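One letter stands for each residue in the lines below.
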Amino acid sequence: MEPNPGDDPAPTAALLCSLLTRRPGQNLWATAEAFDDEEWKAQFRVSRVTFDYLLDLIGPAIKRRRTNYRVPIEPRRRLAITLWWFARSGEYRSIADMFDVGIATVCMIVRQVSSAIVERLFHRFVSLPSGPRLDDTLQAFKDRCYPQCAGAIGGTHIPIAPPRDNPDHYLNKSGWHSVILQAVVDHNLWLLGNHVKLKLGCVFQRSLLSEGVEIPVHLIGDTSFPLKPWLMKGYSEEQQLSPERRRFTYTLTSARSVVDAAFTRLKGRWRCLLKKSDIDISMMPRVVAACCVLHNICEVRGDSFLPEWNIDMAPSESYLRQPDTESSEGDTCKTGESVIFYISVYY
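A brief report on the enclosed structure follows. (Residues numbered from 1 in each chain as written. Predicted model: local features only at pLDDT ≥ 70, side-chain atom pairs only at ≥ 80, totals over all residues. Heavy atoms only, no water.)

## Remarks on the packing of aromatic side chains
Two aromatic rings, taken as a pair, are described by how far apart their centres are and by the angle between their planes. A full pass over the atoms with the stated rule returns 12 aromatic pairs. Ring centres of tyrosine 235 and phenylalanine 248 lie 6.1 Å apart, and the angle between their planes is 70°; this geometry places the pair in the edge-to-face category. On the criterion of sequence distance, the pair formed by tyrosine 235 in the loop between β6 (231–233) and α10 (243–255) and phenylalanine 248 in helix α10 is long-range, its members being 13 residues apart. When its relative accessible area of 29% is taken as the criterion, tyrosine 235 is described as partly exposed. A residue is classified by how much of its surface remains accessible, and phenylalanine 248, at 27% relative accessible area, is partly exposed. By way of ring pairs, the aromatic residues Trp29, Trp40, Phe44, Phe51, Trp84 and Phe99 are connected into one cluster. The ring of tryptophan 84 has arginine 88 sitting right over it, with the charged end atom 4.0 Å from the ring centre. (Phe/Tyr/Trp six-rings, centres within 6.5 Å; stacked < 30°, edge-to-face > 60°. Helix = DSSP H or I, 4+ residues; strand = E, 2+ residues; numbered from the N terminus. Buried < 20%, exposed > 50% of the residue type's maximum accessible area, 1.4 Å probe, protein only. Lys NZ or Arg CZ within 6 Å of the ring centre and 35° of its normal.)

## Digging into the packing of helix α5 (residues 75–88) against helix α6 (residues 92–99)
Think of two packed helices as two axes; the pair is described by the angle between the axes and how far apart they sit. Running from N to C, α5 and α6 cross one another at 145°; their axes reach a closest spacing of 11 Å. Along this stretch, α5 crosses α6, giving a crossing that reads as right-handed. Residues Arg77, Ala80, Ile81, Trp84 and Trp85 of α5 lie in contact with α6, whose contacting residues are Tyr92, Ile95, Met98 and Phe99. For the contact of α5 with α6, the residue count by class is 8 nonpolar, no polar and 1 charged. (Axes fitted to C-alpha atoms, helices over the stretch in contact; angles between N-to-C directions. Left-handed = near helix turned anticlockwise from the far one by under 90°. Contact = heavy atoms within 4.5 Å. Nonpolar A, V, L, I, M, F, W, Y, C, P; charged D, E, K, R; others polar.)

## Re the packing of helix α3 (residues 37–44) against α5
Look at α3 against α5: their axes get within 8 Å of each other, and the N-to-C directions meet at 65°. If you check the angle between α3 and α5, you find them roughly perpendicular. Contacts between α3 and α5 involve Trp40, Ala42, Gln43 and Phe44 from the first element and Arg76, Ala80, Leu83, Trp84 and Arg88 from the second. In terms of residue class, the contact of α3 with α5 is built from 6 nonpolar, 1 polar and 2 charged. (Parallel < 35°, antiparallel > 145°, perpendicular 65-115°, else oblique.)

## What to know about the environment of glutamate 38
Examined against the element boundaries, glutamate 38 turns out to sit in helix α3. When the C-alpha positions of glutamate 38 and arginine 48 are compared, they lie 9.3 Å apart, and in sequence the two are 10 residues distant.

## Thoughts on unusual backbone geometry
Trans is the common state for peptide bonds, and a negative phi is the common state for residues other than glycine. Positive phi, close to 70°, is recorded for arginine 45, a residue that is not glycine. Its place among the elements puts arginine 45 in the loop between α3 and α4 (48–62). Classification of arginine 45 by relative accessible area gives buried; the value is 1%. Even without being a glycine, leucine 189 presents a positive backbone phi close to 70°. Tracing the backbone through its elements, the reader meets leucine 189 in the loop between β2 (178–185) and α9 (196–203). For leucine 189, a relative accessible area of 12% corresponds to the buried category.

Structure representation (C-alpha cells):
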C-alpha cells in the first residue's frame, strides 16, 4: 500500500528508540532539548539554528506574563507546538499530550503564534523584488531564456473541512472543499506576494527595447490567467501553433516551473496545507500566510528541504486531486471557485 502523502515520514531509528523507551508521564518536549540536529529538524521541520532565529524574532510577541494563578508556557514551547502542528496538522489531543499542555491551549497557541508570525514578519519576508534584488531576478530568468520576468504567478488549492456557513462556496471542481493560495514565485522559490493588479506598474518601472518593441518587466502565468501588460502567458495547446509560438510557450512554461517547485516545498515542509484541518475557516488565511513566511525564511537561510519531505503531486487514491484549470481568454481568471487568498493582502 502506498503511503498517504499527507502522512509523516518514518521516524529515524534514534528518534524511534527514544520514543519507545520514554518513561511513563514523560512527554516529547521534555526530551526535545536532548535531540541531535537531525532529530530536531525531523520533528520541527527547521534546524535548531533557524528555530532560535525565529524565537528571537517573535519571542516577545508570544511571551505571556506570569500571574498569581498560573505559570505561563514559555515562548520556546509555544513556537515548538505551532511548528509541530504546521508540520503535521495532528489532533489537538495528541499534541497536548506530547507537549504537556491542555487541548484548548494547543488551539490557542497555534492561533497566537500564527498571528505573531504574520503580523511581525510577513512584510519583512514576503514582498515583490526591487532594486538589486529585482536585477538578480531578471538576470536569473534571462538565464532560463526568458527575459524581463520578475516572477511567475500560480495558485494551489488548500484542503479545508466543510465550513459551517456557505460550504458550497468552498467546493472546488474536484469535489472537495478548499481555499486557494495564489502567489508570485521568483527564481529562488521565494513566495513574493501579489499586489500585482494595483501596484505592478509602479514597482517595475523599467522596460527593454528589443527589435523596436518595448518589453516591460512582467510576470508569467499559465493559460488560466488573463493576458495583461504586466502578465504574459503561453499559447493554449489546443491551438495550432507555429514553431515560433510553440518554442515561446515551451520557454515560458519552463521558466514558470518555479511555481510548482515552490508549492511542493511549501506543502512538503508544512503538511497542514496538504490535508483537511479542523481549524476554523476564519483562521486559515493566517495559517497559510504564516506557512509562506516560514517557507521564505527557510529558503533565505538555506535551511535545506529534506528528500523525505518531498510529496508526490500526482493524484492517487489517498491524495486530493488538484482541480483542472480553464484557459482564460478575457480579462478575468477562470478559477471556478469563489474564494481566493492572495498572500500579500491579508494585512
